[in-house]
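# Inside the fold
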Amino acid sequence: MAKLRIGIRLKLVFFSSFLFAIPWLGYQYVWELESYLRIGQEQTMVGTARAVATALHERPALFDAQSAYLTDVKAGTDLYAYKIAYPIQLDGQLDDWQDYQHLMLEYGAAYLIDPVQTYQPASLSFTHMVGQYDRYLYAMFKVVDDQVVMRPSNSLRIDRNDHLQIAMTDELGQFQRYIVAPFKAGWVNAYLLKDASESLLPDKLETRIQGQWRNTSDGYVIELRFPLEMMSSKIAFAIVDVDDSVTRKVQNMIGTANTTQVDSLGTVLVPSPEIENILKGLQYANARVWVVDNHMRVLARSGQIQRSSGVQSNADTGGKKSVWAYIESEWLLPLYYQVLTKPPADFVDDLQDAYALKGQDISQALAGTPSSLWRLSADSKAVILSAAHPIFIDKKVMGAVVVEQTTNGIRTLRNKALEKQFHYFLAVILIGTFALFLMASRISWRIRKLRDETEGAIDNHGKIVGQIVPSLAHDEIGDLSRTFTHVLSKLGQYNAYLENMAARLSHELRTPVAIVNSSLENLSSESLGRESQQYLDRAKEGITRLSKILTNMSEASRLEQAIQSDEREAFDVQLVLQGCVQGYEYIYPERQFSFELENKSKLPTLLSGSAELFAQMLDKIIANACDFSQPESLIAVKLSCSDRSLHLSITNLGQSLPEKMQDQLFDSMVSIRAKQHSDQTHLGLGLYIAKIIANYHGGDIEISNLADGRGVSVSLNFNGLFKP
């Protein structure tokens, strides 16, 4: 299995991925910084609450003595006049009250006052709330009554019909009672009763109490308005039901409290305009501020939590964007916010219309200890921080200041910091990776160039045919290049010495061989004894073999020189093969030869080169085939061709080749003969010479064992045939 090749560039790109640890560390740092910013925001909020509370300490006039000092607050009896954003139109339609439906209270059996008869839920119930706008107190009653009985037009009594009773303490603390009992639906005013305790006789018409009575399919609706200056903090409302228009007896009465007893009146808490004026300047503090009494009811508030982020954001000018701004907004920021969390543009505020607060921080503040609290918005989109500080009057806690902010400002600052950091991180990563890639490419190019030069300097036969240009760079690769150049130069000198050694040996040894040979011939002319003649014959045989060795050693060099000086010409391969095979039959009579032609229609085939050299190549191959084949065996020569190539195969039966040496048989001085014949010299140059000639004719030569292992086949392929 081939191993995966990993280049230098890929390795450097991989290691450059560790640069991504930089933005991760920056991200962690900013998150850690955000935690410290939250601690700072919490301390700032507590300080703001303390500053506001300081402005309210020891100022009892700012608090309603009859509501803030109550030991207990009864739901439905003690009312809260929610601050209304717009004035109510007194038309009996209740359209202006739609935004405050969640603040309305239901009154039924639990609020019966002095029951007269058995109560039937379908007989009487109502929905009620009060609100404050400017200097007026507004009240609405949506009454469910199965039988509406209006006041007779000729009657002076105002209590023998369905009516509304109002009881309050006026600005002087006096107990006053009023009844709203019109003759018909429409505009109404209230009657002031003579005796505030028991009597139901009207004294005069109170025009300051104004409203609208409108009958509905299931009862009627009453809307009222009167000035806040008419009352102090105690008030009660009651709906009286009369169902029988003949007897006109009271069936039941349901109300917020008993309107005949001053001690049973509930309180109405109206947001303090004085406290609101004190808080008015805090609307620029980028926070929402509440002031609550010791019953956690809201006395005043300032600001909106949606805008209370703690940071003043810069508004977008909406001008023409630059190219960088476009890239940042359209490409970079969407990428960053796959990781970052953007503060919500809007979230649900569950305290938007609250008239009473609750929470651990407020409870601790009302116990006298400043506190803070982190909480999620109702939809879990925003984190809200609230800080509460107690308000002291005569060393008693009479309320608390609650300051709220979201963490959107901190998150925005965090995102802005990370956006700018990510710009730098991205630039560093891109530039660093690109620089590393260029450096790796440069190194890889230099190494590949050195590799190609090294490979090109030596041919397939190990002969040095080129040079390596030494690098001038003063680094490791430059040193390696200069070392390769030096080594190649030394190797070239050594190879040149080896290439010339055969010719030098042949030249140097021929003279002493000739001297020895002539001396032996002179000795042979003299009469020698039988034993001396035997030694002389053996000396002549040795000289003959030595001469053949010198001839074979210089044969390859002479062949290369002949190839370089020989001029190419076109020759017919078929004719050369036929002539050579006929000659081999005479030279090697102990072997059988066959010559087979394929694709005869495409023959004769011309090849560019030298017919003599081609025949010499065949001689070397046939000589090896005869040496390694069995006597009387067949040596088959087969020629086939196509339009662009020629294939020649020579097959013999006999000794097979060693598996591990098939690729080395064409090298110089390689032989696998088991024994040397006494009359022949083999230096392993036959197939080497055949390969040189095949390459000269543009061919490749291969040698392999037959599939059945009974012999050897030599294959030659020639491309680029000569076209006449």
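Residues numbered from 1 in each chain as written. Predicted model: local features only at pLDDT ≥ 70, side-chain atom pairs only at ≥ 80, totals over all residues. Heavy atoms only, no water.

### Quick look at the overall build of the protein
- Looking only at helices and strands, one finds eleven helices and 25 strands in the protein.
- Looking at the 724 residues of the protein, the share that counts as buried comes to 42%.
- When contacts within the protein are restricted to residue pairs at least 6 apart in sequence, those whose partners lie at least 24 apart make up 66%.
- Looking at the protein as shown, the accessible area adds up to about 40000 Å², and 54% of this sits on carbon and sulfur atoms. (Helix = DSSP H or I, 4+ residues; strand = E, 2+ residues; numbered from the N terminus. Buried < 20%, exposed > 50% of the residue type's maximum accessible area, 1.4 Å probe, protein only. Contact = heavy atoms within 4.5 Å. Areas by Shrake-Rupley, 256 points an atom, 1.4 Å probe, with all protein chains shown as cover.)

### Brief notes about the environment of Gly92
- Along the polypeptide, Gly92 turns up in the loop between β2 (82-83) and β3 (105-107).
- For Gly92 and Thr216, which are 124 residues apart along the polypeptide, the C-alpha to C-alpha distance reads 9.8 Å.
- In this view, Gly92 contacts Gln212, Arg214, Val221 and Glu223; residues no more than four positions away in its chain are not counted.

### Notes on the nonpolar core
- Of all hydrophobic cores here, the largest spans 52 residues; its most connected members are Trp97, Leu279, Val291, Leu357 and Val401.
- Looking at this core, the elements that each hand over two or more residues are α2 (21-56), β5 (136-145), α3 (273-280), β14 (288-293), β15 (298-302), α5 (360-366), β17 (383-393) and β18 (396-406).
- When residues no more than four places from it in sequence are discounted, the contact partners of Trp97 are Ile84, Ile88, Met104, Met129, Tyr138, Ala139, Met140 and Glu223.
- Residues Leu577, Phe614, Cys641 and Leu687 belong to the second largest nonpolar core, which totals 43 residues. (Core = buried A, V, L, I, M, F, W, Y, C linked by side-chain atoms within 4.5 Å.)

### Remarks on the sheet that holds β14
- Within the open sheet, the five strands sit side by side as β15-β14-β18-β17-β16. Their pairing is antiparallel. Among the strands making up the open sheet, the edge pair consists of β15 and β16 (371-376). The average angle at which neighbouring strand axes cross in this sheet is 20°, direction not considered.
- The sheet contact formed by β14 and β15 spans four bridges and is antiparallel. Each bridged residue has a counterpart across the sheet, and for Val289 the counterpart in β15 is Ser302.
- Docked against the sheet, α2 engages β14, β16, β17 and β18, running at close to 30° with respect to β17. (Pairing = 2+ DSSP bridges. Axes fitted to C-alpha atoms, helices over the stretch in contact; angles between N-to-C directions.)

### Describing the pairing of strand β23 (residues 645-653)
- With seven bridges connecting them, strand β22 (residues 634-641) and β23 associate as antiparallel partners. If you follow Val637 over to β23, its bridge partner there is Ile650.
- In sequence, β22 turns back onto β23 through a hairpin of three residues.
- Both β23 and strand β25 (residues 711-719) contribute to a ladder of nine bridges, which runs antiparallel. Paired with Leu648 across the strands is Leu716, a residue of β25.

### Considerations on the packing of aromatic side chains
- Applying the stated criterion across every chain yields a total of eleven aromatic pairs.
- Aromatic side chains Phe571 and Phe614 sit 5.5 Å apart centroid to centroid with 55° between the ring planes, which places their arrangement in the tilted category. Residue Phe571 is found in strand β19 (residues 569-572), and its partner Phe614 is found in helix α10 (residues 611-628); the two are separated by 43 residues along the sequence.
- For Phe614, a relative accessible area of 0% puts it in the buried group. (Phe/Tyr/Trp six-rings, centres within 6.5 Å; stacked < 30°, edge-to-face > 60°.)

### Some points on the sheet that holds β23
- Spatially, β20-β22-β23-β25-β24 is the arrangement adopted by the five strands of the open sheet, whose pairing is mixed. Every other strand in the sheet has two partners, leaving β20 (592-597) and β24 (699-705) as the edge strands with one partner each. Taken over all neighbouring pairs, the strand axes of this sheet differ in orientation by 15° on average, direction set aside.
- In the packing of helix α9 (residues 573-587) onto the sheet, the strands contacted are β20, β22 and β23, and the crossing angle to β20 comes to about 165°.
- Here helix α11 (residues 686-696) sits on the sheet in contact with β24 and β25, set at roughly 140° to β24.

### A look at α2
- Taking 1.5 Å of rise per residue, 36 residues should cover 52 Å, and α2 covers 53 Å from first to last C-alpha, within 8% of that figure.
- When α2 is considered as a whole, its buried residues turn out to be Pro23, Gly26, Tyr27, Val30, Glu34, Gln41, Met45, Val46, Ala49, Val52, Ala53 and Leu56.
- Check the buried side of α2 and you find it contacts α3, β14, β16, β17, β18 and α6 (408-457).
- In the stretch just after α2, Glu58 is the one whose phi turns positive, near 55°. (Expected span 1.5 Å × (residues − 1).)

### Examining the environment of His486
- Within the secondary structure, His486 is located in helix α7 (residues 476-525).
- Assessed through its relative accessible area of 49%, His486 is described here as partly exposed.
- Along the backbone, His486 and Ile468 are 18 residues apart, and their C-alpha atoms lie at a distance of 9.0 Å.

### Looking at the pattern of salt bridges
- Tallied over the entire structure, the rule returns 13 salt bridges.
- Put simply, Asp293 and Arg297 hold a salt bridge, and the shortest N to O gap is 3.4 Å. As far as burial versus exposure is concerned, Asp293 and Arg297 are alike and both buried.
- The residue Arg446 makes a salt bridge to Asp475 at a minimum N-O spacing of 2.6 Å. Here Arg446 is found in helix α6, whereas its partner Asp475 is found in the loop between α6 and α7, with 29 residues between them in sequence. (Salt bridge = Lys/Arg side-chain N within 4 Å of Asp/Glu carboxyl O.)

All quantities given are derived from atomic positions and should not be read as evidence of function.
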